[in-house]
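# Remarks on the overall topology
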Amino acid sequence: MFRSRKLSRQANAVITGAGSGIGQAFAIELAARGGAVVCSDIDKAQAEVTVARIEAEGGRALATVCDVTKLDDVETLADTAEAWFGGPADLVINNAGVGAGGHAIGEITLADWRWVLDINMWGVIHGCHVFAPRLREAGRGGIINVASTASFAAAPRMGAYNASKAAVLAVTETLAAELADTPIRVTALCPTFVQTNIMKAGRISASSSKIADNLMRWTGVPADTVVKSALAGLDRGQLYVLPQFDARLVWRLKRLLPAGYTKGAGFINRFAANDTPDRARVSACE
């Protein structure tokens, strides 16, 4: 039978991109709530940093490598977690992701399109493909997919990132409908600016990175604040969690005044610069 306790309490949780940022904050918070946490990341050393922080507080966690762009890796992650838990996971958080921006469609390289979609979109697809059947079989649990306000904001010069996060939102909505007659809860987390390393780690042009850094400084919130909102939303059975005022404002403007919203976005686009992005490969962590 499905347990009546809140899903965020004493969960057997699997988190991708748990080496830093939102993923690390999820891991630390869930461990503090009595959960056992499998912390996966493309960089095992980073995952081990998260595990060390959890164990220092008396929590239970396991570090493992997972490249979410590879289905085999995600299947291995599920098997490893199940063996370590001694049973199926209760909660899966598909968080791994990267940032990209600063170029208009037609100027973004196809290599960057593929890189962003491989991690942000296919990483979530792989996670849902592997874990959803296991949750169905167990008859309990939850999935949080980390999307973004970008999933519906459609800001200029962020085409690849917008498309990847819009896909995450669509997959989440579809999965929620498919699991609506089960006890399994599905939540899409759609924040705006969160104080993580995603801007520095992504493929973002110099001018756009400067703008983003300023916005992060002025409006960014700590990752643990966003995580607590997401877990509260999951426990309440919310499909959408928009943890910040600006996320909720964009959501409403886009729906109430779609033409005006697009014109406003176009006005902003005219002032956007278009510099050369950093091509460095980065860790797949949100």
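Below, the structure is looked at part by part. Once a new chain begins, its residue numbering starts again from 1 and follows that chain's sequence as written. With pLDDT at 70 or above as the cut-off, local features in this predicted model cover only qualifying residues; side-chain atom pairs require 80 or more to be listed or tallied, and sums for whole chains, interfaces and linings still use all residues. Only heavy atoms go into the side-chain values, all of them from the structure, while hydrogens and water stay out.

Compared with the 16 Å implied by 1.5 Å per residue over twelve residues, the 17 Å span of helix α1 (residues 21-32) between its first and last C-alpha is a close match. Burial classes: relative accessible area under 20% of the type maximum marks a residue as buried, over 50% as exposed, and values in between as partly exposed (1.4 Å probe, protein chains only). Here a strand is any run of E in DSSP of at least two residues, a helix any run of H or I of at least four, and the numbering for each starts at the N terminus. The buried count for α1 comes to ten of twelve residues, which makes it a mostly enclosed element. Those residues of α1 not exposed but buried are G21, I22, G23, Q24, A25, F26, A27, E29, L30 and A31. Trailing α1 by a residue or two, G34 shows a phi angle of about 90°, which is positive. The length a helix should cover is 1.5 Å for every residue beyond the first.

A cluster of nonpolar side chains, namely F245, L249, L253, L256 and L257, defines an oily patch on the protein surface of about 520 Å² accessible area. Within the fold, L249 resides in helix α10 (residues 245-256). For patch building, the residue pool is restricted to those with more than 30% relative accessible area and no salt bridge; the joining distance is 9 Å between like charges and 5 Å between nonpolar side chains (Val, Leu, Ile, Met, Phe, Trp, Tyr). Under the convention used here, a 1.4 Å probe and the Shrake-Rupley method define accessible areas, while residue burial counts only the protein chains that appear. Salt bridge, as applied in this entry: a Lys or Arg side-chain nitrogen positioned within 4 Å of an Asp or Glu carboxyl oxygen.

With respect to burial, strand β7 (residues 185-189) is a largely interior element, four of its five residues being buried. In this scheme, strands are said to pair when DSSP sees at least two bridges between them. Sheet analysis places strand β6 (residues 142-146) next to β7, joined by five bridges and oriented parallel. The partner of N145 across the bridge, within β7, is A188. Where β7 and strand β9 (residues 240-241) come together, two bridges link them in parallel fashion. Residue pairing across strands places L189 opposite V241, the latter belonging to β9.

Okay, the side chain of S164 next. Within the element layout of this structure, S164 appears in helix α6 (residues 159-178). A polar atom in the side chain of S164 sits 3.1 Å from the side chain of N120. Contacts are residue-level and defined by heavy atoms, with any inter-residue pair within 4.5 Å sufficient. Residues contacting S164, with those up to four places away along its chain left out, are V116, L117, N120 and M121. Think of a polar contact as two N or O atoms within 3.5 Å of one another; within protein, one of them needs to be a possible hydrogen donor and the other a possible acceptor, and neighboring residues in sequence only count if both atoms come from side chains.

Position of A176 relative to the elements: it lies in helix α6. Counting along the chain gives 33 residues from A176 to I143, while the straight-line C-alpha distance between them is 9.3 Å.

To continue, consider the environment of I15. Topologically, I15 is positioned in strand β1 (residues 12-15). By relative accessible area, I15 is classed as buried at 0%. Put simply, I15 and I93 are 78 residues apart on the chain and 4.8 Å apart in space, counted from C-alpha to C-alpha. Not counting residues up to four positions away in its chain, the partners in contact with I15 are G23, F26, A27, L30, V37, V38, C39, S40 and I93.

Here we take up the packing of helix α4 (residues 110-138) against α6. Here an angle of 0 to 180 degrees is reported between the N-to-C directions of two axes, which are lines fitted to C-alpha atoms, with helices fitted over the stretch in contact. Axis separation between α4 and α6 bottoms out at 8 Å; the angle between their running directions is 10°. In terms of their interaxial angle, α4 and α6 are classed as roughly parallel. With respect to the hand of their crossing, α4 and α6 are arranged in right-handed fashion. Taking contact as the criterion, the partners of W113, V116, L117, N120, M121, V124, I125, C128, A132 and R136 in α4 are, on α6, G159, A160, Y161, A163, S164, K165, A167, V168, V171, L175 and E178. Small angles under 35 degrees read as roughly parallel and large ones over 145 as roughly antiparallel, with 65 to 115 read as roughly perpendicular and the rest as oblique. A clockwise turn of the near helix away from the far one marks a right-handed crossing, whereas an anticlockwise turn of less than a right angle marks a left-handed crossing.

Once that is clear, we can look at the packing of aromatic side chains. Side-chain rings of Phe, Tyr and Trp (the six-membered ring for Trp) are treated as a pair once their centres are within 6.5 Å; stacked means planes under 30 degrees apart, edge-to-face means over 60, and tilted covers the remaining angles. The tally for this structure, following the rule as stated, stands at three aromatic pairs. With centroids separated by 4.9 Å and ring planes inclined at 90°, the aromatic side chains of F152 and W251 adopt a geometry described as edge-to-face. A residue pair is termed long-range when its members are at least 10 positions apart, and F152 in helix α5 (residues 150-153) and W251 in helix α10 qualify at 99 residues. Ring pairing ties together the aromatic residues F152, Y240 and W251, which thus form one cluster. The ring of F152 has R255 sitting right over it, with the charged end atom 5.6 Å from the ring centre. For a ring to carry a charge above it, either NZ of a lysine or CZ of an arginine must fall within 6 Å of the ring centroid while also lying within 35 degrees of the normal to the ring plane.

Another aspect to go through is the nonpolar core. Of all hydrophobic cores here, the largest spans 45 residues; its most connected members are V14, F85, F131, F152, L175 and C190. Elements with a contribution of two residues or more to this core: β2 (36-41), α3 (71-85), α4, α5, α6, β7 and α10. If one sorts the elements of this core by residue count, α4 sits on top with ten residues. Not counting the four nearest positions on each side in its chain, F85 is found in contact with N12, A13, V14, A36, V37 and V38. Nonpolar core, defined: a set of buried Ala, Val, Leu, Ile, Met, Phe, Trp, Tyr and Cys residues in which side-chain atoms within 4.5 Å join the residues together. Counting 31 residues, the second largest nonpolar core, distinct from the first, contains F26, A27, I54 and A230.

Read these as geometric descriptors, not functional statements.
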